[in-house]
Amino acid sequence: MTDISKLEKWRSALSKCIRCGYCYDQCPIYKETGWEVDSPRGKLILLYGMLSGEIEPSDYIANKLFECFHCNRCQKACASGVPIQDVYNEARAFLIESGFDVVGTTSLTDHDVCAKCLNCVRMCEHEARTFKDGKVVTDVLKCQSCGSCFDICPECGVTIGRGFGTNPNELLDKVDAFLHDSNNPEAKAIVFSCGYSSYPGLKHAQFDDFVISKEFEILVTACSGRLKSHTVLETLERGAWGVLICCCPEDECEHGGSPRVKERMKNLTKILERIEIDPKRVQVVEVPQGNEAKFVESTDKFMEEVRALGPLAPETETAGSKK
Ligand code: SF4
Ligand code: SF4
Ligand code: SF4
């Protein structure tokens, strides 16, 4: 076990947390599980317990620290100015040096299917993937859990250990749950949102069951570049009248995902035109970080257009069709 005293310098920073909980409604992971231990504050409390010797470092704590989408929203929201990300980063390094096993939200490679094309290595903006001893491996201290490598792999050989609702199947389950909720006949559309850009809108949209609109559901995708065309098409097939994708402006995108999702959706809308589905049903909008007004304006405009289009006629729905 590495000497924990190297984290001692963070004791006063950790003591600054006044337990206000402002970080809660910024965190996509906490919002997915609702567990204190998954909140930014909960993780700080675990670290404080470790420093004060009340809690033994363990695989469990290591994984909790690595379950993070690195959106940095918690730090921006912190009323006491706790440097949450700096504390987390050093604690993570300590836990790795101490030999704990980590999966967290970092990317994993299935070595049985990996074709060693190295697309993911070239794709990663954070140099977190390397080819070492004949295998592609992830540096868990560098991985930002954006999912770009997951998206680019031609062999489906990359997974994100714990997606916290952002993996394609999890998203589609939520699409079904929203569109086919018999208590909400107003359900019409899905907004896939980058967890980095549009999150302020989410804050008011979904916290404590307060829903901004019953007509659309907001689903966090981590980096929007990770959203596959198939997931969008499938969302239409499952009954959505339209899909809006909120991504960062390109100069704010830290993972290279914003231009990719725009290009991908441009290609998808061409396909939609060919199968006689109005391309306005799938739109991408840039939402600068923290610009809640832009988020609300974009969803309002999109919903107006979608309402005018109406539901997809059954004959134009693609195979698989509405459930
Ligand atoms: S950086 Fe984002 S995902 Fe990570 S703990 Fe903070 S709010 Fe949650
Ligand atoms: S592309 Fe994103 S998820 Fe993949 S290794 Fe790099 S930072 Fe991690
Ligand atoms: S993109 Fe997929 S197949 Fe190519 S090296 Fe990475 S994990 Fe292997």
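Since this is a predicted model, take the numbers as computed values, not measurements.

1. Concerning the pattern of salt bridges
Enumeration according to the criterion identifies 19 salt bridges in this entry. Two residues, E263 and K266, come together in a salt bridge whose shortest N-O distance is 3.8 Å. Of this pair, E263 and K266 are both found in helix α12 (residues 257–274), three residues apart, which corresponds to roughly one turn of the helix. For K266, a relative accessible area of 46% gives the class partly exposed.

2. Quick notes on unusual backbone geometry
A negative phi holds for most residues other than glycine; trans holds for most peptide bonds. The phi angle at N72 is positive, at roughly 70 degrees, despite the residue not being glycine. Given the relative accessible area of 25%, N72 is considered partly exposed. A positive phi angle, near 50 degrees, is found at D133, a position not held by glycine. Note that D133 resides in the loop between β2 (129–132) and β3 (135–138). Judged by its relative accessible area of 75%, D133 falls in the exposed class.

3. Focus: the nonpolar core
In this structure, L7, L44, L47, M50, L65, I84 and L95 are the most contacted members of the largest nonpolar core, which totals 34 residues. For this core, the secondary structure elements donating two or more residues are α1 (11–15), α2 (28–33), α3 (40–51), α4 (59–65) and α6 (84–97). Here the element with the most residues in this core is α6; it accounts for six residues. Not counting residues up to four positions away in its chain, the partners in contact with L95 are M50, P57, I61, A62, L65 and F100.

4. Regarding the confidence of the model for the protein
Mean pLDDT over the protein works out to 88, with 92% of the residues at or above the 70 mark. In the model, residues 205–210 has pLDDT below 50 throughout and makes twelve contacts with residues more than four positions away in sequence or in other chains. Of the regions scoring below 50 in pLDDT, residues 318–323 engages in twelve contacts with residues more than four places distant in sequence or in other chains.

What counts and how
- Residues numbered from 1 in each chain as written.
- Chains lettered and ligands numbered in written order.
- Predicted model: local features only at pLDDT ≥ 70, side-chain atom pairs only at ≥ 80, totals over all residues.
- Heavy atoms only, no water.
- Salt bridge = Lys/Arg side-chain N within 4 Å of Asp/Glu carboxyl O.
- Helix = DSSP H or I, 4+ residues; strand = E, 2+ residues; numbered from the N terminus.
- Buried < 20%, exposed > 50% of the residue type's maximum accessible area, 1.4 Å probe, protein only.
- Core = buried A, V, L, I, M, F, W, Y, C linked by side-chain atoms within 4.5 Å.
- Contact = heavy atoms within 4.5 Å.
- pLDDT = per-residue confidence, 0-100.

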